[in-house]
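Notes for the structure review
The residues making up each chain are set out below.
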Amino acid sequence: LEAPVLNALGEFDFVSTVGDHRAIAEALKARGDKGTALLQLSRTDHDFRSFESRQAAYAAFGSTGFPVNSRALSQIVEWVRGHVTRAGVRTARPTD
């Protein structure tokens, strides 16, 4: 199976490490993937929520009520749109 892989990591992620994601990037490179090897999402935890620090993200682990990082979400959506479009499938934009 060959499929595009978004190798994304939150800046304040303590569940997955930079080392984990570097290993993923190396594996993708070894299979011949081109493009962004690792996308680090600023001020974002493992669940793509917004925090001001790693300590705040750690303290909030397992809790709810923290906003999703809209910039990180936009980066993910743009990546998906770009890869779906390249595959020849039209993307449908949500209506407001």
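Scope of this entry: the structure provided in the associated data block.

Rules and cut-offs
Residues numbered from 1 in each chain as written. Predicted model: local features only at pLDDT ≥ 70, side-chain atom pairs only at ≥ 80, totals over all residues. Heavy atoms only, no water. Helix = DSSP H or I, 4+ residues; strand = E, 2+ residues; numbered from the N terminus. Buried < 20%, exposed > 50% of the residue type's maximum accessible area, 1.4 Å probe, protein only. Contact = heavy atoms within 4.5 Å. Salt bridge = Lys/Arg side-chain N within 4 Å of Asp/Glu carboxyl O. Phe/Tyr/Trp six-rings, centres within 6.5 Å; stacked < 30°, edge-to-face > 60°.

1. Digging into the overall build of the protein
In terms of regular secondary structure, the protein is built from three helices and two strands. Order of helices (α) and strands (β) in the protein, N terminus to C terminus: β-α-β-α-α. Of all 96 residues assigned to the protein, the portion counted as buried reaches 23%. For the protein, contacts bridging at least 24 residues in sequence account for 58% of all contacts bridging at least 6.

2. So, unusual backbone geometry
We note that Arg43 has phi near 50°; this positive angle belongs to a residue other than glycine. When you line up the elements, Arg43 lands in the loop between β2 (39-41) and α2 (54-59). Not every positive phi belongs to a glycine, and Phe48 is a case in point at roughly 65°. Checked against the element boundaries, Phe48 lands in the loop between β2 and α2.

3. Topic: the pattern of salt bridges
Using the criterion set out here, one finds five salt bridges in the structure. Note that Glu26 and Lys29 form a salt bridge whose closest N and O atoms lie 3.7 Å from each other. With a gap of three residues between them, Glu26 and Lys29 both fall in helix α1 (residues 18-30), about one helical turn apart. On the basis of relative accessibility, which here comes to 48%, the residue Glu26 falls in the partly exposed class. Judged by its relative accessible area of 51%, Lys29 is exposed.

4. Quick notes on the packing of aromatic side chains
Geometry of an aromatic ring pair is reported as the spacing of the ring centres plus the angle between the planes. Applying the stated rule across the entire model yields three aromatic pairs. Ring centres 5.0 Å apart and planes at 65° place the aromatic pair Phe14 and Tyr58 in the edge-to-face group. Of this pair, Phe14 sits in the loop between β1 (8-10) and α1 while Tyr58 sits in helix α2, and the two are 44 residues apart along the sequence. The class of Phe14 is partly exposed, set by a relative accessible area of 29%. Ring geometry for Phe51 and Phe66: centres 5.0 Å apart, planes at 40°, overall tilted. With Phe51 in the loop between β2 and α2 and Phe66 in the loop between α2 and α3 (70-86), this pair connects stretches of sequence that are 15 residues apart. Phe51 sits in the buried class, given a relative accessible area of 6%. Given the relative accessible area of 35%, Phe66 is considered partly exposed. A connected cluster of aromatic rings, assembled from ring pairs, spans Phe14, Tyr58 and Phe61.

From the geometry alone we can't say anything about function, so treat these as descriptive.
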